[in-house]
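Tertiary structure, described
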Amino acid sequence: VDDHTISLPNVSTAKQSVDTLDLRFSAATKVRIADANGQELANATKQSGENLTVQGQSPFAIELNPATAVEFRFNNNVIDLKPYTVNGMVNFRLSR
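Parameters at a glance
- Residues numbered from 1 in each chain as written.
- Predicted model: local features only at pLDDT ≥ 70, side-chain atom pairs only at ≥ 80, totals over all residues.
- Heavy atoms only, no water.
- Core = buried A, V, L, I, M, F, W, Y, C linked by side-chain atoms within 4.5 Å.
- Buried < 20%, exposed > 50% of the residue type's maximum accessible area, 1.4 Å probe, protein only.
- Helix = DSSP H or I, 4+ residues; strand = E, 2+ residues; numbered from the N terminus.
- Contact = heavy atoms within 4.5 Å.
- Salt bridge = Lys/Arg side-chain N within 4 Å of Asp/Glu carboxyl O.
- Pairing = 2+ DSSP bridges.
- pLDDT = per-residue confidence, 0-100.

With respect to the nonpolar core
Within soluble globular proteins, side chains that are nonpolar tend to cluster in buried spots. Counting residues in hydrophobic clusters, the biggest one holds 19 residues, and the most contacted among them are L21, L23, I33, I62, L64 and F72. Of all the secondary structure elements, the ones that give two or more residues to this core are strand 1 (19-25), strand 2 (29-34), strand 4 (51-56), strand 5 (60-65), strand 6 (70-74) and strand 9 (89-94). Setting aside anything within four residues of it in sequence, one finds L64 in contact with L23, K30, V31, V70, F72, L81, G88, M89 and V90.

Take a look at the structure:
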């Protein structure tokens, strides 16, 4: 019984601290993503048809250019980037 009591908090803590971003690209897109600690998780140009999955701790600092070429999911939820798009790109922080 003690094992279960100890392991359950560890499981929930892990789920709380790791978030997943899934990106799918329909055109060449510059991508930069950093996690809550400022660690760079992605800094590249992705091509049409490519996918990118990163995991880390939110809030994430995210830059995408052009944003219109990206299908964006945060913990399996589709995020509409249009409200964050300025001059075709997004530069925002995303938190749970």
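Some points on the environment of A67
Structurally, the position occupied by A67 is in the loop between strand 5 and strand 6. Apart from residues no more than four positions distant in its own chain, A67 is found in contact with L81, T85, G88, M89 and V90.

Some words on the pattern of salt bridges
In the structure shown here, the tally under the stated rule is five salt bridges. R24 is paired through a salt bridge with E71; the nearest N and O atoms lie 4.0 Å apart. Taken together, the positions of R24 in strand 1 and E71 in strand 6 put the pair 47 residues apart, joining distant regions of the chain. Residue E71 is classed as partly exposed on the basis of its relative accessible area of 37%.

Focus: the sheet that holds strand 9
Ordered by their spatial adjacency, five strands build an open sheet running 3-2-5-9-8, and the pairing between neighbours is antiparallel. Each edge of the sheet is formed by a strand with only one pairing partner; in this case those strands are strand 3 (40-46) and strand 8 (85-86). Sheet topology note: the strand 2/strand 5 ladder contains five bridges and is antiparallel. Considered in strand 5, the bridge of K30 is made with N65.

Thoughts on the confidence of the model for the protein chain
Across the protein chain, the average pLDDT comes to 86, with 83% of residues at or above 70. Of all the helices and strands in the protein chain, helix 1 (residues 2-17) carries the lowest mean pLDDT, 43, while strand 2 carries the highest, 98. Note on residues 1-15: pLDDT is under 50 here. Beyond four places in sequence and across chains, it has one contact.

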